[in-house]
Amino acid sequence: MRTIHEFEVKNMLRMANEAKDRAYAPYSSFRVGACLKGASGAYYMGANIENAAFTPTVCAERVAMFKAIYDGEKAFDALAIISDSKEPIVPCGVCRQVLSEFCDGDMPVICASKDGEYTLVSLADIFPAPFSLRTR
Ligand code: THU
């Protein structure tokens, strides 16, 4: 896994925690905040946005990622996520596939509990075999 300094981890968790306040989660009451750092040095925040029909719900990680891609970001340094859970959460399977489209396997993913306790994993640790069409 690429190294990430502790001050950067704390910085990104602070931003992810602020992003969590922007969640729209009236159905699950489970708020998630994400902070994605682009290679440009810019940070992209996201929060989950739910829908009455449930399946259109978008996770915090994908909100952050799609904002970044739309803004022209091409590569990523790290992702931090935080929720209202006492335990650190990890990105869902759909978000792992989306992350794998744009991020290297050695990218650090900071998974935090609501109190800021965190575990560090690489994207490849949690998603070792992404589907890709790049082999065509
Ligand atoms: N959620 C995220 O935002 N990120 C994840 O990685 C897992 C789940 C959201 C989706 C839904 O709004 C709520 O958490 C409960 O599943």
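What you are looking at is a predicted structure, and each value in this text was computed from that prediction instead of being measured.

Trainee: Looking at this model, I keep getting lost on the side chain of Ser122. Mind explaining?
Mentor: In this fold, Ser122 is placed in strand S5 (residues 118-122). A distance of 3.5 Å separates a polar atom in the side chain of Ser122 from the backbone oxygen of Gly105. Residues in contact with Ser122, not counting those within four places in the same chain, are Met1, Gly105, Asp106, Met107 and Val109.

Trainee: I'm lost on the nonpolar core in this one. Help?
Mentor: For soluble globular proteins, nonpolar side chains are generally found buried alongside one another. Counting 22 residues, the largest nonpolar core has Leu36, Met65, Phe76, Leu79, Cys103, Val109 and Leu123 as its most contacted members. Going through the elements one at a time, strand S1 (32-38), helix H2 (60-70), strand S3 (76-83), helix H3 (93-102), strand S4 (108-112) and helix H4 (123-126) are the ones with two or more residues in this core. Here the element with the most residues in this core is H2; it accounts for four residues. With near-sequence residues (within four places) excluded, Leu79 lies in contact with Met12, Ala34, Cys35, Leu36, Glu61, Pro91, Leu99, Met107, Pro108, Val109 and Ile110. Among the nonpolar cores identified, the runner-up in size contains twelve residues, and Val9, Ala16, Cys35 and Ala112 belong to it.

Trainee: Would you mind showing me how to read the site of the ligand here?
Mentor: The immediate surroundings of the ligand are formed by Ser28, Phe30, Val32, Asn48, Glu50, Thr57, Cys59, Ala60, Glu61, Val90, Pro91 and Cys92. At 2.9 Å, a side-chain N or O of Asn48 approaches an oxygen atom of the ligand. One of the backbone nitrogen or oxygen atoms of Cys92 is found 3.0 Å away from an oxygen atom of the ligand. Protein contacts shield 78% of the accessible area of the ligand, which totals 370 Å² for the unbound molecule. The residue makeup of the shell around the ligand, split by class, is seven nonpolar, three polar and two charged.

Trainee: Looking at this structure, I do not really get the environment of Leu36. What am I missing?
Mentor: Along the chain, Leu36 falls in strand S1. Leu36 sits 93 residues away from Ala129 along the chain, and the two C-alpha atoms are 22 Å apart. If near-sequence neighbours (up to four positions away) are discounted, Leu36 is found in contact with Met12, Ala42, Tyr43, Tyr44, Ala64, Met65, Ala68, Phe76, Ala78 and Leu79.

Trainee: Would you explain a nonpolar patch on the surface in this entry?
Mentor: A contiguous nonpolar patch, built from Tyr24, Tyr27, Ile49 and Phe54 and spanning about 440 Å² of accessible area, is present on the exposed surface. Locating Ile49 in the fold gives a position in the loop between strand S2 (43-47) and H2. Relative accessible area serves as the criterion here: at 44%, Ile49 is assigned to the partly exposed category.

Trainee: When you look at the pairing of S5 in this model, what are you seeing that I'm missing?
Mentor: A regular strand places its side chains on the two faces of the sheet in alternate fashion. Sheet analysis places S4 next to S5, joined by five bridges and oriented antiparallel. Pairing of Val109 across the sheet is with Val121, part of S5.

Calculation notes
- Residues numbered from 1 in each chain as written.
- Predicted model: local features only at pLDDT ≥ 70, side-chain atom pairs only at ≥ 80, totals over all residues.
- Heavy atoms only, no water.
- Helix = DSSP H or I, 4+ residues; strand = E, 2+ residues; numbered from the N terminus.
- Polar contact = N/O pair within 3.5 Å; in protein donor to acceptor, adjacent residues only side chain to side chain.
- Contact = heavy atoms within 4.5 Å.
- Core = buried A, V, L, I, M, F, W, Y, C linked by side-chain atoms within 4.5 Å.
- Buried < 20%, exposed > 50% of the residue type's maximum accessible area, 1.4 Å probe, protein only.
- Near = heavy atom within 4 Å.
- Areas by Shrake-Rupley, 256 points an atom, 1.4 Å probe, with all protein chains shown as cover.
- Nonpolar A, V, L, I, M, F, W, Y, C, P; charged D, E, K, R; others polar.
- Patch = residues over 30% accessible without salt bridge, like charges linked within 9 Å, V, L, I, M, F, W, Y side chains within 5 Å.
- Salt bridge = Lys/Arg side-chain N within 4 Å of Asp/Glu carboxyl O.
- Pairing = 2+ DSSP bridges.

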